[in-house]
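Structural overview
Residue strings, one per chain:
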Amino acid sequence: MATLDGPAAPDQQGPQPARIRRWLPILGVAVALVVTATIAFRLGSSDDEPAARPSAKASPSATAPPTIAQIYAAVAPSVVTITAVEGTTAVATGTGVIASESGAILTANHVVAGAGAVQVTFVDGTRVAAQVVQADPEMDIAVLAPAGLPEVLVPAVIGNSDRIAVGNTVVAVGNQLGLTSSATSGVISGLDRTARSENGTELKGLIQFDAAVNPGSSGGPLVNAKGETIGIVVALANPTEAGTFVGIGFAVPIGAALAGGTGPGEDAPQQ
């Protein structure tokens, strides 16, 4: 047998027995298998495996859109409560939105039409008298000029009602059923709709939406996902005598409301 140190030494014991000679081929095969297995193990070991590929990382997400709470917080300071008064009795309650730096307020005309007096309550509790300086019954929009203003006046951010689409998120803020500063959310569910106001006037070109509104919501802002006012709530569809929300509300697009609200007086809001 050969050694790792050099040539084999002369055999001093003579011929090997036949039994030993028979085992030599088997031992040779076993050694070869061990060597082959060792080499295969080494070649297949983790030391020789290709480096693991880096896992895919999610790309940085875009800025998340505002939450409903954030939208509400942005518009709430611009929302007012409107009370129509006869003598000392409140006969109707609605909502309005501050639409200009001078304090002009947009609301639904049917809230204040024919009222002996109108009161406006701002979000900080300031309550003042107000006058109707412009009214458009065919659009159901009125503009109020308050006799005084709160210490901090926050006009609404006016959006572009020409850039809205079915499916857009909307929030309606108002005083529905006397519950002041209520917020509901939904989507625009239709455009260029027609509905009838409380006095039977046919209103055209309305935004249809599914955020819940009820009596008292009239005149409140319909707001988009950026917190911009895109409409003034004027009506709801109701096939029953209950007069409560069944899934469809209507708003005058803010562009049309502002156009209908322009008129004599410096308090008329400007687009």
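Since the model is a prediction, treat every value here as computed from it, not as a measurement.

Considering the sheet that holds strand β2 (residues 89-98)
- Spatially, 6 strands are ordered β1-β2-β3-β6-β5-β4 in a closed barrel, and the strand pairing comes out antiparallel. Taking each pair of neighbouring strands and ignoring which way they run, the sheet shows an average axis angle of 40°.
- As judged from the 6 bridges shared by strand β5 (residues 127-136) and strand β6 (residues 141-146), these two strands associate in the antiparallel manner. Note that in β6 the partner of Q134 across the bridge is V143.

Focus: empty space enclosed by the protein
- Evaluation of the coordinates by the stated rule reveals 1 cavity of 30 Å³ or more.
- Counted as a void, the largest cavity has a volume near 40 Å³.
- Lining the largest cavity are A172, V173, G174, Q176, S182, T184, A212, V213, S217 and V233.
- Looking at the lining of the largest cavity, the elements with two or more residues in it are β7 (169-174) and β8 (182-196).
- Here the lining of the largest cavity gets 3 residues from one element, more than from any other, and that element is β7.

Remarks on the pairing of strand β12 (residues 249-253)
- Where burial is concerned, most of β12 is hidden: 5 out of the 5 residues are buried.
- Where strand β9 (residues 202-209) lies against β12, 3 bridges are found, and the strand directions are antiparallel. Bridge assignment links F209 to a residue of β12, and that residue is G249.
- Pairing analysis gives 5 bridges linking strand β11 (residues 229-236) to β12, with the strands arranged antiparallel. Bridge pairing in β12 places V233 opposite A251.

Regarding the sheet that holds β12
- One closed barrel holds the 6 strands; their spatial order is β7-β8-β9-β12-β11-β10, and the pairing between them is antiparallel. In this sheet, adjacent strand axes meet at a mean angle of 50° when their direction is disregarded.
- Across the sheet, helix α2 (residues 68-75) touches β7, β8, β10 (221-224) and β11, and the angle it forms with β7 is around 45°.

Observations concerning the environment of E198
- Position of E198 among the secondary structure elements: in the loop between β8 and β9.
- Separated by 38 residues in sequence, E198 and L236 have C-alpha atoms that sit 9.9 Å apart.

Thoughts on the pairing of β7
- Summarising burial for β7: 5 of the 6 residues are buried, a large majority.
- One ladder, built from 6 bridges, connects β7 with β8; its direction is antiparallel. What sits directly across from V170, in β8, is G186.
- Bridge count for β7 against β10 is 3 bridges, and the pairing is antiparallel. Note on β10: the bridge partner recorded for A172 is L222.

Thresholds, definitions, all that
Residues numbered from 1 in each chain as written. Predicted model: local features only at pLDDT ≥ 70, side-chain atom pairs only at ≥ 80, totals over all residues. Heavy atoms only, no water. Pairing = 2+ DSSP bridges. Helix = DSSP H or I, 4+ residues; strand = E, 2+ residues; numbered from the N terminus. Axes fitted to C-alpha atoms, helices over the stretch in contact; angles between N-to-C directions. 1 Å grid on protein atoms, 1.4 Å probe; cavity = no way out; pocket = protein on both sides within 12 Å on 5 of 7 lines; lining within 4 Å. Points joined across faces, edges and corners; volume = space filled by probe spheres on them. Buried < 20%, exposed > 50% of the residue type's maximum accessible area, 1.4 Å probe, protein only. Contact = heavy atoms within 4.5 Å.

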